[in-house]
Amino acid sequence: ACKGPSGGAICVHAPADASRYNFERLAVGLSPVTPYGPGIGWDDPLPEGFNPQLEGYSFRASYMNIPDSVALGSRHILIGNMITNKERLNIAIARNYLEDLTGNRVELTIDKLGCCVEANTGSMNKKLYGNIHNDGHI
């Protein structure tokens, strides 16, 4: 069983989180961030960096800042692995099944896909599908 956020929740929360971050940036006088993600510059530097707590604008502690103009690949993330994992997930979606650790086909559901994206305990095959969501947070 999928533990943690369901696939449906990930589909709703990821865009909502990005919108909220942009809103918080606007509220403190910063511009919105440039779109970034799979197929949109994963190997390019983040022009605005990433400061999840808007350090300097908030009293909350920051825990995973990425300075301006730093590429994820320079932060010990292998962008090639993330691209490969994204392609494998796209193939699973196109085929409408995932592969478990022994190569058996497992029916694709939004929750199972979400578990593979999150790479949580419900992931069908972390070795095949990787840890794409969490790697993007580093």
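Everything that follows concerns the structure shown earlier in this document.
About the cut-offs
Residues numbered from 1 in each chain as written. Predicted model: local features only at pLDDT ≥ 70, side-chain atom pairs only at ≥ 80, totals over all residues. Heavy atoms only, no water. Helix = DSSP H or I, 4+ residues; strand = E, 2+ residues; numbered from the N terminus. Buried < 20%, exposed > 50% of the residue type's maximum accessible area, 1.4 Å probe, protein only. Contact = heavy atoms within 4.5 Å. Polar contact = N/O pair within 3.5 Å; in protein donor to acceptor, adjacent residues only side chain to side chain. Expected span 1.5 Å × (residues − 1). Arc of directions from axis to C-beta.

Novice: Please explain the side chain of Ser123 as it appears in this structure.
Specialist: Structurally, Ser123 can be placed in the loop between helix 3 (110–118) and helix 4 (126–129). Given a relative accessible area of 13%, Ser123 falls into the buried group. With near-sequence residues (within four places) excluded, Ser123 lies in contact with Cys115 and Cys116.

Novice: Sorry if this is basic, but what is going on with unusual backbone geometry here?
Specialist: Most peptide bonds take the trans form, and the phi angle of most residues other than glycine is negative. At Asn96, a position not held by glycine, the phi torsion is positive, near 65°. With respect to the element layout, Asn96 can be found in the loop between helix 2 (79–95) and strand 3 (97–99).

Novice: I would appreciate a short explanation of helix 3 in the present structure.
Specialist: Since the α-helix advances by 3.6 residues per turn, residues separated by three or four positions end up pointing in the same direction. Within helix 3 the residues assigned to the buried category are Leu113, Gly114, Cys115, Cys116 and Glu118. The positive-phi residue at the C-terminal boundary of helix 3 is Ala119, with phi of around 55°.

Novice: What should I look at first to understand the environment of Tyr21 in this one?
Specialist: Here Tyr21 shows up in helix 1 (residues 7–27). The spatial distance from the C-alpha of Tyr21 to the C-alpha of Phe50 is 9.8 Å, given a sequence separation of 29 residues.

Novice: Honestly, the side chain of Asn22 in this entry has me stumped. Any pointers?
Specialist: Relative to the assigned elements, Asn22 resides in helix 1. Within the structure, Asn22 has its side chain in polar contact with the backbone nitrogen of Val33 (distance 2.8 Å). When near neighbours in sequence (up to four residues on either side) are disregarded, Asn22 contacts Pro32 and Val33.

Novice: Please clarify how helix 2 should be interpreted in this entry.
Specialist: Over its 17 residues, helix 2 runs 24 Å from end to end, which matches the ideal 24 Å to within 8%, given 1.5 Å per residue. Turning to helix 2, its buried residues number three or more, namely Ile79, Met82, Asn85, Leu89 and Ala92. All buried residues of helix 2 lie within an arc of 140° about the axis, which places them on one face of the element. Along its buried surface, helix 2 packs onto strand 3, helix 3, helix 4 and helix 5 (132–135). Just downstream of helix 2, Asn96 is the residue with a positive phi angle, here 65°.

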